Every structure is written in C-alpha cells, then in structure tokens.
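Below are the chains, spelled out letter by letter.
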Amino acid sequence: MRSRDPEKTRQLIRFIDSYYDAYRHTPSIREIAEHISMTKSSVHNYLSALRDEGIIDFDGRMIVTEKINDEIAGYNRAGVVGSVPCGLPALEQECVEGYVNLPISLFGGGDLFVLHTYGDSMTGAGIDPGDIVVVRKKPYAENGDIVVAYVEGEGNTLKRYYRDEKNRHVILHPENDRYEDIVVQDCAIQGVVIKIIKDANAS
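The structure displayed is predicted, hence computed values, not measured ones.

It is worth spelling out the packing of helix α2 (residues 29–36) against helix α3 (residues 40–52) at this point. Each pair of packed helices can be described by the angle between their axes along with the distance between the axes. Their axes nearest at 9 Å, the elements α2 and α3 cross at an angle of 105 degrees. In this view, α2 runs roughly perpendicular relative to α3, as classed from their interaxial angle. In this structure, α2 contributes Ile-29, Arg-30, Ile-32 and Ala-33 to the contact, and α3 contributes Lys-40, Val-43, His-44 and Leu-47.

A few words on the pattern of salt bridges. Applying the stated criterion across every chain, the model contains 11 salt bridges. The partner of Asp-52 in a salt bridge is Arg-51, with the nearest N and O atoms 3.4 Å apart. The exposure class assigned to Asp-52 is exposed, which follows from its relative accessible area of 62%. On the accessibility criterion, Arg-51 (34% relative accessible area) is partly exposed. Asp-186 is the partner of Arg-163 in a salt bridge, and the nearest nitrogen-oxygen pair spans 3.1 Å. A residue pair is termed long-range when its members are at least 10 positions apart, and Arg-163 in strand β8 (residues 155–164) and Asp-186 in the loop between β10 (182–184) and β11 (188–197) qualify at 23 residues.

All right, on to the layout of surface pockets then. In this structure, the largest pocket occupies an estimated 250 Å³ of space. Taken together, 15 residues line the largest pocket, and the ones lying closest to its centre are His-25, Thr-26, Arg-61, Arg-77 and Tyr-99. In terms of residues, the lining of the largest pocket owes the most to one element, strand β4 (residues 98–103), which gives 4 residues. Its residues assigned to classes, the lining of the largest pocket comprises 5 nonpolar, 5 polar and 5 charged.

Parameters at a glance
- Residues numbered from 1 in each chain as written.
- Predicted model: local features only at pLDDT ≥ 70, side-chain atom pairs only at ≥ 80, totals over all residues.
- Heavy atoms only, no water.
- Axes fitted to C-alpha atoms, helices over the stretch in contact; angles between N-to-C directions.
- Helix = DSSP H or I, 4+ residues; strand = E, 2+ residues; numbered from the N terminus.
- Parallel < 35°, antiparallel > 145°, perpendicular 65-115°, else oblique.
- Contact = heavy atoms within 4.5 Å.
- Salt bridge = Lys/Arg side-chain N within 4 Å of Asp/Glu carboxyl O.
- Buried < 20%, exposed > 50% of the residue type's maximum accessible area, 1.4 Å probe, protein only.
- 1 Å grid on protein atoms, 1.4 Å probe; cavity = no way out; pocket = protein on both sides within 12 Å on 5 of 7 lines; lining within 4 Å.
- Points joined across faces, edges and corners; volume = space filled by probe spheres on them.
- Nonpolar A, V, L, I, M, F, W, Y, C, P; charged D, E, K, R; others polar.

Spelled out as structure tokens, the structure:
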C-alpha cells in the first residue's frame, strides 16, 4: 500500500479507542470506513500495516490498540456462541455472535465460551431460562459436573453428568422433577459450566 497518512492513522486509532470505551468491543471495518471516510479495503490495509509494524493486534475482527490492551490485561476473551436448551436435546449450530472480556480473577484462564440458556429443566441447579452460563471448554467431565453435552443425532443439552461404569452408559440428569434422565451409550462433552450469570431482567 502507499505510505500511510499519519492523520488518517491517528483518526483510525482514536475512533477505535473511543468506540471500545462506549461499547466494550471494537468496531467493524465498515464502521471505521464510514466514520473516517475511507473504503473498507483501505481500512483493512491500514490495520494490516499497523499490525505488521507492531502498533496494534488485528486478527481480522478484533482490533487491540495499546490503550485497549492496557484495559483488557487480566481478562479472558470468551466467545458468545449462541444458546443451549435446558430440556431435551436440540440441534444448535455453534456460531460466534460476539466476544466478552471475563476477568481472570473471577473466571480463571483457559478456553472459555458463553451460552444463553432456555428451558426449565435445570432450575433446581439455579439455572433459569434467560440466564447465561460460562463454560470451560474441555472434552471430559467428572460425575456431578453440569455440562454442555452433545447427543449424537439430537444436538446439545445442558445437564448434570454422571457416568454409570457398571452399565456402561451416561446419564444426563435434569435438575427438575418434571423431567426424566436422558440415558445414552455415550455423548460428547463440549465443556463444563463454571459460572452462572443470572438474567438481570428476570422478575
């Protein structure tokens, strides 16, 4: 690309920082282009050049300036990947809707993701429809863990996990007497719930 215009560079970084202050995530390339009157391809080229020079971090979506990096130090960036039913399994396509920064002091490190819940089969565990669960991504669980489990041919569900070694099957146990256990030969553990965030709009 042609040499960068220093003023355009300052405008770009100022806009990214102010946008992050307002919304807690970085703007899209389209939003940057509209704000500073550049084409989307020019913005992308600027961001790539700034990344190559070590001025910012840029992965194609998230833009981290020096100011933003100082703010998010001590945070774990977790993807919001849709919803999971607290009921019978339902097919859910994992699709990252956005990202949130979770304090490592509260949630720990590792590979985390966030899910919205619906259904009432886990109310006995304090998980109500509309709550958010923070999940540590891992392919195994201990008996008694609340897991996001994939049941082949049916989809994902949120349940308490037990493995019956004697009868060689898995029990996905709801925390609501209105529902029966889901008993399967096996299932794929997507992750283990580490935190429940209550729906602030719930009555």
